[in-house]
Amino acid sequence: MARVNNWQIQREMAYWYPEKRPRRQFAAVFDINKCIGCQTCTLACKTTWTSGKGQEYMLWNNVESKPYGFYPLAWDLKLLQMMGTQRWVGNRYVGQTIFEAAPTATRVMGWQPQERDYAYPNVGEDDCAGMVDRGLGLHVPHMAWFFYLARICNHCTFPACLAACPRGSIYKRQEDGIVLIDQSRCHGYQECVRACPYKKTFFNPLGGTSEKCIGCYPKLEQGLQPQCFLNCIGKIRLAGWINPPSQADHENPIDFLVHIKKVAKPLFPQFGLEPNVYYIPPVHVPINFLRQMFGPGVEDALKTYAQAHEDPDLQALLCLLGCTERIVARWRRRGKTVVGASEQGQEIVRVPIKEPVYIRPAFDEKYGIARVNCP
Ligand code: SF4
Ligand code: SF4
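1. Some words on the packing of aromatic side chains
To describe a pair of aromatic rings, one takes the distance between the centres and the angle between the planes. Under the defined criterion, the tally for this structure stands at 23 aromatic pairs. Centre to centre, the rings of Phe 26 and Trp 241 are 6.5 Å apart; their planes meet at 80 degrees, and the pair counts as edge-to-face. Within this pair, whereas Phe 26 is found in strand E3 (residues 25-31), its partner Trp 241 is found in strand E12 (residues 237-242), the two being separated by 215 residues in sequence. Both residues of the pair, Phe 26 and Trp 241, count as buried. Aromatic side chains Trp 75 and Phe 268 sit 6.0 Å apart centroid to centroid with 80 degrees between the ring planes, which places their arrangement in the edge-to-face category. On the criterion of sequence distance, the pair formed by Trp 75 in helix H2 (residues 75-83) and Phe 268 in the loop between strand E13 (265-266) and strand E14 (277-280) is long-range, its members being 193 residues apart. Taken individually, Trp 75 and Phe 268 each receive the classification buried, so the pair is uniform in this respect. In this structure, Arg 24 packs its charged tip against the face of Trp 241, placed 3.7 Å from the ring centre. A cation over an aromatic ring shows up here: Arg 151 above the ring of Trp 75, its NZ or CZ 3.8 Å from the ring centre.

Printed below as a string of structure tokens:
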């Protein structure tokens, strides 16, 4: 095992291959607070990439209602239980990652989902935590909650799928950090399916190989966002490029949200993969649940997000989510507007930070009608 530096857990860790970061790394920010669970992203991906035979059960993008939603069943709970206590000291993870906790003669601690685990793609939808059935919802404040967690492959910096593949079929592209499976090398051993803690590789029983999210790389190559981003109804998603924290760039929108404002957090950083999809955590969820899911910085992220209305830059940048098909590589605030630009600095999009609000009169003189929905 090599030693690599994982900034998300603030320490070195063991990994199967030496550290080799791509020239640039694809990354994304999802604002969970805006997701409405419509599954448009799921369908956009499904109809683009996985409508073939043997792919029926595959959801490269899925959206699950936490705490009771999973795909495949209990994907996170099973691994968390196998890992045992996961201890942080401040922002440093001092427990074992799934590479360090790997049983003898294996490269990664993992588990193999069975057919039944994929039987219910939307299990737990809209089920909330708490005891609503026992009257909890009748008391104020009440602790009944759920939230939608949209998930794709994280195109991890230290992918478990890649580490586990005995054929060397999985590789990380130097030009964008996208993780792909070479279909001509894959022999369908499914070690990647067992190893990926997020369960984002899938075995095609008809084709006999494993398949996974390709980050819509043909679109990325043209400077366009992936299909699930483009079609997001809630405008929760922003695609771009991330630098290591020591090279954080104020004008790079992903760097700004992840490194500078620290308002977007990785999913289960303690697994040790340095995943590259970051989440703005939901504001209404018990903090212990969020701390386990997004790491110890989540409290500060929530505070920063709650104060966004007093932070003109953060407020402005949040307006850029979902506003264009193009990848916004640079951004800046210009008075009452926010401007998104290409890597070369060319303006792509300009949106107002505050949209004008028109309040219609309760009685419309022109048509002689009363509007019942007006105050
Ligand atoms: S999320 Fe899973 S499939 Fe995607 S790169 Fe990471 S380990 Fe591989
Ligand atoms: S399309 Fe957007 S809002 Fe709808 S479920 Fe997907 S991530 Fe959420």
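2. Some words on the sheet that holds strand E15 (residues 330-334)
Across the sheet, 3 strands lie side by side as E15-E16-E17; this open sheet has antiparallel pairing. The open sheet has two free edges, formed respectively by E15 and strand E17 (347-352), since each of these has just one partner strand. When strand polarity is set aside, the average angle formed by the axes of neighbouring strands in this sheet is 20 degrees. Of the strand pairs in this sheet, E15 and strand E16 (residues 337-341) are connected by 5 bridges, and their pairing is antiparallel. Bridging across to E16, Arg 333 finds its partner in Val 338.

3. What to know about the sheet that holds E14
Ordered by their spatial adjacency, 4 strands build an open sheet running E12-E3-E14-E13, and the pairing between neighbours is mixed. One side of each edge strand has no neighbouring strand; the edge strands of this open sheet are E12 and E13. In this sheet, E14 lies alongside E13 in antiparallel orientation, the contact comprising 2 bridges. Residue pairing for E14: Lys 265 is matched across the bridge by Tyr 279.

Quick notes on the rules
Residues numbered from 1 in each chain as written. Chains lettered and ligands numbered in written order. Predicted model: local features only at pLDDT ≥ 70, side-chain atom pairs only at ≥ 80, totals over all residues. Heavy atoms only, no water. Phe/Tyr/Trp six-rings, centres within 6.5 Å; stacked < 30°, edge-to-face > 60°. Helix = DSSP H or I, 4+ residues; strand = E, 2+ residues; numbered from the N terminus. Buried < 20%, exposed > 50% of the residue type's maximum accessible area, 1.4 Å probe, protein only. Lys NZ or Arg CZ within 6 Å of the ring centre and 35° of its normal. Pairing = 2+ DSSP bridges. Axes fitted to C-alpha atoms, helices over the stretch in contact; angles between N-to-C directions.

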